[in-house]
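Here are the chains, one letter per residue:
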Amino acid sequence: VKATTNMEPSQAANARGGPPLPSMNALRQMRESAKKKQKAKDGSGTEEGKQEEDKKSREAVVFNSEAQKQEIAASLQALDFFSTLDTFSFERLASLFRKKFWRRNEQLLVEGTPAKELHVVAQGDVSIILGGKVLNKVGPKSILGERSVLNSGSGD
């Protein structure tokens, strides 16, 4: 199963009606600035450093501030999937989540590869594609990858 996003970056705004999140250009600039600082810090001009840098540049944009953690916990509480957890278990689980922004048509999961992460769609749509054919589209409050993660025990 291949899952891809169908959300324009301009749609990525704070779900609580607050100010819009930074634009993709601003996020790219922030990422480039962080890369330059890291290069200066550890001298990642080696071939291995370049490969690691390429890998990081392909990763989704991740935010994990305290406010983001609170927003994630509030979003998860609204899902039936997590409703049977006691407070302690919910708080432990919620602390493992982080908010990511995916680009349009970026793959979240790949057919034939077990999921290592459970994904909760907060905004936008995700297409479920099998054998090159769109089987379904899911939207906000949908959960992806839960079977592989829960069956593996550790997510590896």
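Preceding this paragraph is the structure being described.
Residues numbered from 1 in each chain as written. Predicted model: local features only at pLDDT ≥ 70, side-chain atom pairs only at ≥ 80, totals over all residues. Heavy atoms only, no water.

## Topic: the pattern of salt bridges
Here is step 1 of the chain: Considering all chains together, one arrives at four salt bridges under this definition.
Here is step 2 of the chain: Between E71 and K99 there is a salt bridge; the shortest N-O distance is 2.8 Å. Of this pair, E71 sits in helix 3 (residues 66–77) while K99 sits in strand 3 (residues 99–101), and the two are 28 residues apart along the sequence.
Here is step 3 of the chain: By relative accessible area, which is 12% here, E71 ends up buried.
Here is step 4 of the chain: E117 is the partner of R98 in a salt bridge, and the nearest nitrogen-oxygen pair spans 2.4 Å. Here the residue R98 occupies a position in the loop between helix 4 (87–94) and strand 3, and E117 occupies one in the loop between strand 4 (107–109) and strand 5 (119–120), the gap between them amounting to 19 residues.
Here is step 5 of the chain: In this structure E117 comes out as partly exposed when scored by relative accessible area, which is 29%.
Here is step 6 of the chain: It is possible to trace a salt-bridge network through shared partners that takes in R98, K100 and E117. (Salt bridge = Lys/Arg side-chain N within 4 Å of Asp/Glu carboxyl O. Helix = DSSP H or I, 4+ residues; strand = E, 2+ residues; numbered from the N terminus. Buried < 20%, exposed > 50% of the residue type's maximum accessible area, 1.4 Å probe, protein only.)

## Digging into the nonpolar core
Here is step 1 of the chain: Ranked by size, the top nonpolar core spans eleven residues in total: I72, A73, L76, L79, F82, F90, A94, F97, L118, I143 and V149.
Here is step 2 of the chain: Listed by contribution, the elements that provide at least two residues to this core are helix 3 and helix 4.
Here is step 3 of the chain: With three residues, the single largest contributor to this core is helix 3.
Here is step 4 of the chain: Excluding anything up to four places from it in sequence, I143 contacts L79, F81, F82, L118, H119 and V120.
Here is step 5 of the chain: Of all hydrophobic cores here, the second largest spans nine residues; its members include L109, V121, V138 and L144. (Core = buried A, V, L, I, M, F, W, Y, C linked by side-chain atoms within 4.5 Å. Contact = heavy atoms within 4.5 Å.)

## A short note on the packing of aromatic side chains
Here is step 1 of the chain: Within the structure shown, the criterion is met by two aromatic pairs.
Here is step 2 of the chain: Ring geometry for F81 against F82: centres 5.0 Å apart, planes inclined by 80°, an arrangement best described as edge-to-face.
Here is step 3 of the chain: Here the aromatic rings of F82 and F97 are separated by 5.9 Å at their centres, their planes lie at 85°, and the arrangement is edge-to-face. With F82 in the loop between helix 3 and helix 4 and F97 in the loop between helix 4 and strand 3, this pair connects stretches of sequence that are 15 residues apart. Summarising the burial analysis for this pair, F82 and F97 share the class buried.
Here is step 4 of the chain: By the ring-pair criterion, three or more aromatic residues cluster together here, those being F81, F82 and F97. (Phe/Tyr/Trp six-rings, centres within 6.5 Å; stacked < 30°, edge-to-face > 60°.)

Function-wise, these values are silent; they only describe arrangement.
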